[in-house]
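Per-entry structural report
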Amino acid sequence: MKTILKNVNLLHPEQKINEKGKDILLIDGVISKIGGLSKEDSTDAKVFDFSGKYVVPGFFDMHVHLREPGREDEETVVTGCNAAANGGFTGIACMPNTEPAIDSAEVVEFIKKQAANHLVDVNVVAAATVGRKGEIISPMAELREAGVVGFSDDGFAIKTSAILKRALEYSQMYNLPIIEHCEDETLAGGAMNEGVNSTMLGLPPIPSIAEDLIVMRDIIIGEYTGGKVHIAHISTKRAVEMVREAKKKGIRVTAEVTPHHFSLTDDAVKTYDTNTKMSPPLRTQEDMNEILKGLKDGTIDCIASDHAPHSPEEKEVEFDHAPNGITGIETEVGLALSELVHKKVLSLEELINKMAVNPRKILNLPVPKFEAGQPANFTILDTEEIWTVDLSKSKSKSKNSPFDNRLLTGKAVAAVNNKKMFYQDKFVEL
Amino acid sequence: MPLSSRHLLGLQGVPKEDIQLILDTATTFREVLERPIKRVPTLQGKTIVNLFYENSTRTRISFELAEKRLSADAINFAVSSSSVSKGETFKDTMKNIEAMKVDMVVVRHSAAGAPQFLTKICDANIINAGDGIHEHPTQGLLDMYSIREKKGKLEGLKVCIVGDIAHSRVALSNIFGLKTMGAEVSVCGPLTMIPRYIEELGVKVIHNIDEAIQENDVLNVLRIQLERKAREYFPSIREYARYFGITEERLEKNGKEVLILHPGPINRGVELSSGVADGLNQIILQQVTNGVAIRMAVLYLLGTLK
């Protein structure tokens, strides 16, 4: 089948492609020609006019909770992928805190089977320890053979320094990262960031040093072992500073940040809205400023949603009793464009690096290429469209987001991958 | 002039005029409490539910008495916290109660923000009777009433809140209310029990109890929670009593008349020695009586709002 994406702006920072007003011919989902299309090429082709839109390498979110197996009432592999496609993503990595945890090849295969034939590529992050209990490292060699791209006990940091050291030693045989949720359990356990807001709201506090201490530990053990440490959802000023220093020293550490940590502060908790409760918690303006600086100077490698669906019955409760986490994969691109590109924190090219290139590199995955013969793996952006978030239109099974009704500038209008395109609210075969 | 809000969720942000109105209205009801027949028909026909998710005999009885003395129909609904996890959600419980057509809800809950949550899901007037370690506005009001009754004013007074500030709902309500009324507020206690950012609320932090006695006109001494997690925040009861407890010797040594309040129940020999708890400087039982008058005032003012 022939498809033409008409009059697009091509932008691929890694390949140094920046071309305006091109037509792309796809045949059966594979790039056939970029520009210079003949009359013959147009014959029998389905034409999509994307005038003024950017075609960029498909976005990749390396931190998504799909909830399957175990909590299919909140999200399934398929609904999570639908939400990802709606958010403009062509690939995701899902986290292992399912029930059972993803700590065996069987569970990995199950998830891959659920995700088969979807537009969105699902890559699996397996548990770093058996049952995420922090006691014995997971069968990493076998898990790698089953196709996992990294290891994490997400939800917690790996419990002890000794186990983290072993995990980093073992995983580096396969060059796979240990993805760390940095939080000292003995200092955490509160409901929001410790600050003047937690004092005024009477909510049990989580000090920022709970994150800082584990980031420090992980960098030190990472340096010692030579393993790859990836700091998930970085949220504190000090943590960003430490990652910056570590990178200068050549330590193999990378970091991601969520859209909520670069667009909200703990002021948002003042309403006791449980959709402002997540781990790590929303921090202060000072932390956010350092995150923006870290995004700009390259300390923070990528943007990831930490998409964490929860059912309304779990979230519509007292703040203390609500679980941590918010959905985010469908608002991620809009928030990144609004808060980072339009506010000149990042150029569009830099954003593409953080949302398409760097996450794949961290996970040793190939970055989609713009050349004839390559499968089409694109995100199509309208950087100027002004739109309002409407959670009722979300493709996720859960609607626990603090961004409902938020006005955003810029969105992903389509995602193309695996011979499919998600466009105008539906999947189209290419 | 009516109150500016139809709920009493806390004293943070409550305007001075509202606090003044509540305190003045309480004076009227305080007088009612001295009559042989202590009942007025003000809230006749109104139904008030006391929704207690946490044990609190004193606060509940005080509210219940206030409701009965205003001739309202009072219903007690106690939910043991253990049933929270397995039973009905807070939202469903509230929806059920609301379906029975109630006018006001007095809520005590272990989770901060629970009263705010109720305002979003039901139409009744909500009165916070203590939410987690957040606020306990009627306690703050009755403390202010009691201080004003004794000292004749609040403005310019120096008040120190002593004890476990970090795990107290009384402290914040006192801080917000007293500051609005122009008092100077400080807190005194072991640093492990003082919230890290409390000074940003315009409150001075004191670590020495003698200094607290010398510098202040009023000490509002909080109960040290011996039964809860708070017990982990100081080395021993003996050490607390010795370095932060208020004793007659200590008051004498500092040679200063200082008014002592305590929200009760008292741990005798811990935060207050028996001598001080029964001494001439304290107004602990007046606080209890005033508590009923304050709650009558709050219920009356909210219950008769148009």
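This structure is a prediction, so every number in the text was calculated from the model and none was measured.

So, the sheet that holds strand β8 (residues 121–126) of chain A
Residue and element names in this part refer to chain A.
- Pairing is parallel across the open sheet formed by eight strands, whose spatial order is β6-β7-β8-β9-β10-β13-β14-β15. Only two strands of the sheet have a single neighbouring strand rather than two, namely β6 (59–64) and β15 (302–303).
- Here four bridges tie β6 to strand β7 (residues 89–94), and the two strands are oriented parallel to one another. Looking across to β7, one finds that F59 is bridged to F89.

Looking at the side chain of D210 of chain B
All names here are of chain B.
- The topology assignment puts D210 in helix α8 (residues 209–215).
- At a separation of 3.3 Å, a polar atom in the side chain of D210 contacts the side chain of R250.
- One polar contact links D210 to N254, side chain to side chain, over a distance of 3.0 Å.

Things to note about the sheet that holds strand β8 (residues 218–221) of chain B
All names here are of chain B.
- Taken in spatial order, the five strands line up as β7-β6-β5-β8-β9 in an open sheet, and their pairing is parallel. Looking at which strands have only one partner, the edges of the open sheet turn out to be β7 (204–206) and β9 (259–261). Pairs of neighbouring strands in the sheet enclose a mean axial angle of 25°, with direction left out of account.
- In this sheet, strand β6 (residues 184–188) lies alongside strand β5 (residues 158–162) in parallel orientation, the contact comprising five bridges. In the sheet register, K158 faces β6, and the bridge partner there is E184.
- Packing of helix α6 (residues 137–151) onto the sheet brings it into contact with β5, β8 and β9, and relative to β9 it is tilted by some 160°.

Overview of unusual backbone geometry
Residue and element names in this part refer to chain A.
- E99 connects to P100 through a cis peptide bond whose omega is 0°.
- Within the secondary structure, P100 is located in the loop between β7 and α3 (105–115).
- In this structure, P280 follows S279 across a cis peptide bond, with omega equal to -5°.
- Among the secondary structure elements, P280 is positioned in the loop between α9 (259–263) and α10 (285–297).
- At K16, a residue that is not glycine, the phi angle is positive and equals roughly 55°.
- If you trace the backbone, K16 turns up in the loop between β1 (2–12) and β2 (17–27).
- In the Ramachandran plot, Y272 falls in the positive-phi region, its phi being about 60° despite a non-glycine side chain.

Some thoughts on the nonpolar core
- Core analysis: the largest hydrophobic core is formed by 98 residues, its most contacted members being F262, L295, L340 and L351 of chain A.
- Among the elements that make up this core, the one with the highest residue count is helix α12 (residues 332–341) of chain A (six residues).
- Sequence-distant contacts of L295 of chain A, defined by excluding residues within four places in its chain, comprise V257, F262, I300, I303, L340, L346 and K354 of chain A.
- Counting residues in hydrophobic clusters, the runner-up holds 64 residues, among them L21, L70, L178 and I198 of chain B.

Here we look at the environment of P205 of chain A
Residue and element names in this part refer to chain A.
- Structurally, the position occupied by P205 is in strand β12 (residues 205–206).
- Sequence spacing of P205 and K228 is 23 residues, and the spatial spacing of their C-alpha atoms is 31 Å.
- Among all residues touching P205, those that are not within four sequence positions of it are G190, M192, E194 and S198.

Notes on the confidence of the model for chain B
- Scored by pLDDT, chain B comes out at a mean of 93, with 96% of its residues at no less than 70.
- Across the assembled chains, the prediction reports ipTM 0.91 with pTM 0.93.

Quick look at the pairing of β5 of chain B
Residues and elements named next belong to chain B.
- Burial analysis of β5 places four of its five residues in the buried class, which makes it a mostly covered element.
- Each parallel crossover has a hand, and the one from β5 via helix α7 (residues 169–180) to β6 is right-handed.
- Where β5 lies against β8, four bridges are found, and the strand directions are parallel. From the neighbouring strand, I161 faces β8, where its bridge partner is N220.

Calculation rules
- Residues numbered from 1 in each chain as written.
- Chains lettered and ligands numbered in written order.
- Predicted model: local features only at pLDDT ≥ 70, side-chain atom pairs only at ≥ 80, totals over all residues.
- Heavy atoms only, no water.
- Pairing = 2+ DSSP bridges.
- Helix = DSSP H or I, 4+ residues; strand = E, 2+ residues; numbered from the N terminus.
- Polar contact = N/O pair within 3.5 Å; in protein donor to acceptor, adjacent residues only side chain to side chain.
- Axes fitted to C-alpha atoms, helices over the stretch in contact; angles between N-to-C directions.
- Contact = heavy atoms within 4.5 Å.
- Core = buried A, V, L, I, M, F, W, Y, C linked by side-chain atoms within 4.5 Å.
- Buried < 20%, exposed > 50% of the residue type's maximum accessible area, 1.4 Å probe, protein only.
- pLDDT = per-residue confidence, 0-100.
- Right-handed = clockwise from strand over helix to strand, strands pointing away.

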